[in-house]
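Close look at the chain arrangement
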Amino acid sequence: MKVIADTRGREAALRILKQRFEEDPSKAAVAIQLLKYVDDPAQSDLFVATAIEAGVNPDLLNRTVKLHTTKESREQLITQHLENIEDDFERHLNLSLHYQNIGNDAEAESHLEKAIALDPDNDLIIERQFHRALREQDWDFAQELVDKAKTNNTDAADGHFYAGQLALARNDLNQAVAQLKTATDRRPIFAGGWAMLGEAY
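Notes on the structure follow. (Residues numbered from 1 in each chain as written. Predicted model: local features only at pLDDT ≥ 70, side-chain atom pairs only at ≥ 80, totals over all residues. Heavy atoms only, no water.)

**Brief notes about the overall build of the chain**
Helices and strands together make up the secondary structure of the chain, namely 12 helices and zero strands. Sequence-ordered secondary structure for the chain, helices as α and strands as β, is α-α-α-α-α-α-α-α-α-α-α-α. Each of the 201 residues in the chain was classed as buried or not, and the buried ones make up 41%. If you take every contact in the chain between residues at least 6 apart in sequence, the share linking residues at least 24 apart comes to 43%. Total accessible area computed for the chain in this model is approximately 11500 Å², and 48% of it derives from carbon and sulfur atoms. (Helix = DSSP H or I, 4+ residues; strand = E, 2+ residues; numbered from the N terminus. Buried < 20%, exposed > 50% of the residue type's maximum accessible area, 1.4 Å probe, protein only. Contact = heavy atoms within 4.5 Å. Areas by Shrake-Rupley, 256 points an atom, 1.4 Å probe, with all protein chains shown as cover.)

Below is the structure:
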């Protein structure tokens, strides 16, 4: 009886998830849960394509989708879906994220540069460039991006999260704490911000 109950419960959950996905395919959590329930590769393929087109981060799908038996085939399938995105900026940005996630740095950088050329002031572009500058310890360029984040209010805290991260990366803890306290005051409902502040302390 338990097996029957489990089967019926799974079918009911699948129906609900499909309905929610059809209503709004841009909800990443729903797409991921749905893919965990679907066993048919062709059907999973369709759900992945629909979710990506609706704006779901392909990195999330890449970590959860199980469409084929090998890692390489999953990566190839997601790459094909991303290459079919019509919007040039979205295609290059998402391909950059995808290639970074699978460790292909050269392709990631190539697509990122193409996305930058198309929309250099996009919030996601500023964020990607900023974290790259921190990794490379390019402090001058990182400061330029902090200034741009302030002007654009990229972090919804007038750039103070960016300024705090730069100070933290440079081991200027007093400045990091001051910037991040201001940032969390302006944007208190952001768990990542409190984590940054905790790291600065």
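**Looking at the pattern of salt bridges**
A complete count under the given rule lists five salt bridges for this structure. Between E113 and R132 there is a salt bridge whose closest N-O contact spans 3.1 Å. Placement of E113 in helix 7 (residues 105-118) and of R132 in helix 8 (residues 123-135) is noted, with a sequence separation of 19 residues between them. With a relative accessible area of 39%, E113 lands in the partly exposed category. The exposure class assigned to R132 is buried, which follows from its relative accessible area of 10%. A salt bridge links D121 to K148; the nearest nitrogen and oxygen atoms lie 3.2 Å apart. Residue D121 is found in the loop between helix 7 and helix 8, and its partner K148 is found in helix 9 (residues 139-152); the two are separated by 27 residues along the sequence. (Salt bridge = Lys/Arg side-chain N within 4 Å of Asp/Glu carboxyl O.)

**Comments concerning unusual backbone geometry**
In this model, Q137 sits at a positive phi of 55 degrees, which is unusual for a non-glycine residue. Here Q137 is to be found in the loop between helix 8 and helix 9.

**Some points on the side chain of D155**
For D155, the location among the structural elements is in the loop between helix 9 and helix 10 (160-169). There is no salt bridge for the buried D155, and the closest opposite charge comes from R187, which lies 6.1 Å off by N-O distance. Only 3.3 Å separates the side chain of D155 from the backbone nitrogen of H160, close enough to count as a polar contact. Discounting chain neighbours no more than four positions away, the residues touching D155 are H160, F161, Y162 and R187. (Lys, Arg positive; Asp, Glu negative; His and termini not counted. Polar contact = N/O pair within 3.5 Å; in protein donor to acceptor, adjacent residues only side chain to side chain.)

**A few points about helix 11 (residues 173-186)**
In this model, helix 11 (14 residues) spans 20 Å end to end at C-alpha, consistent with the 20 Å of a helix rising 1.5 Å per residue. Looking at helix 11, one finds that the buried residues are A176, V177, Q179, L180, A183 and T184. Along its buried surface, helix 11 packs onto helix 10 and helix 12 (191-200). (Expected span 1.5 Å × (residues − 1).)

**Observations regarding the packing of aromatic side chains**
Applying the stated rule across the entire model yields three aromatic pairs. Judged by centre distance (5.3 Å) and plane angle (80 degrees), the rings of F21 and F47 are edge-to-face. Linking F21 in helix 1 (residues 2-23) with F47 in helix 3 (residues 41-53), this pair joins segments that are 26 residues apart in sequence. The pair formed by F21 and F47 is uniform in burial state, with each residue classed as buried. Ring geometry for F130 versus Y162: centroids 4.8 Å apart, planes at 65 degrees, classification edge-to-face. With F130 in helix 8 and Y162 in helix 10, this pair connects stretches of sequence that are 32 residues apart. On the basis of relative accessible area, Y162 is assigned to the buried category, the value being 7%. (Phe/Tyr/Trp six-rings, centres within 6.5 Å; stacked < 30°, edge-to-face > 60°.)

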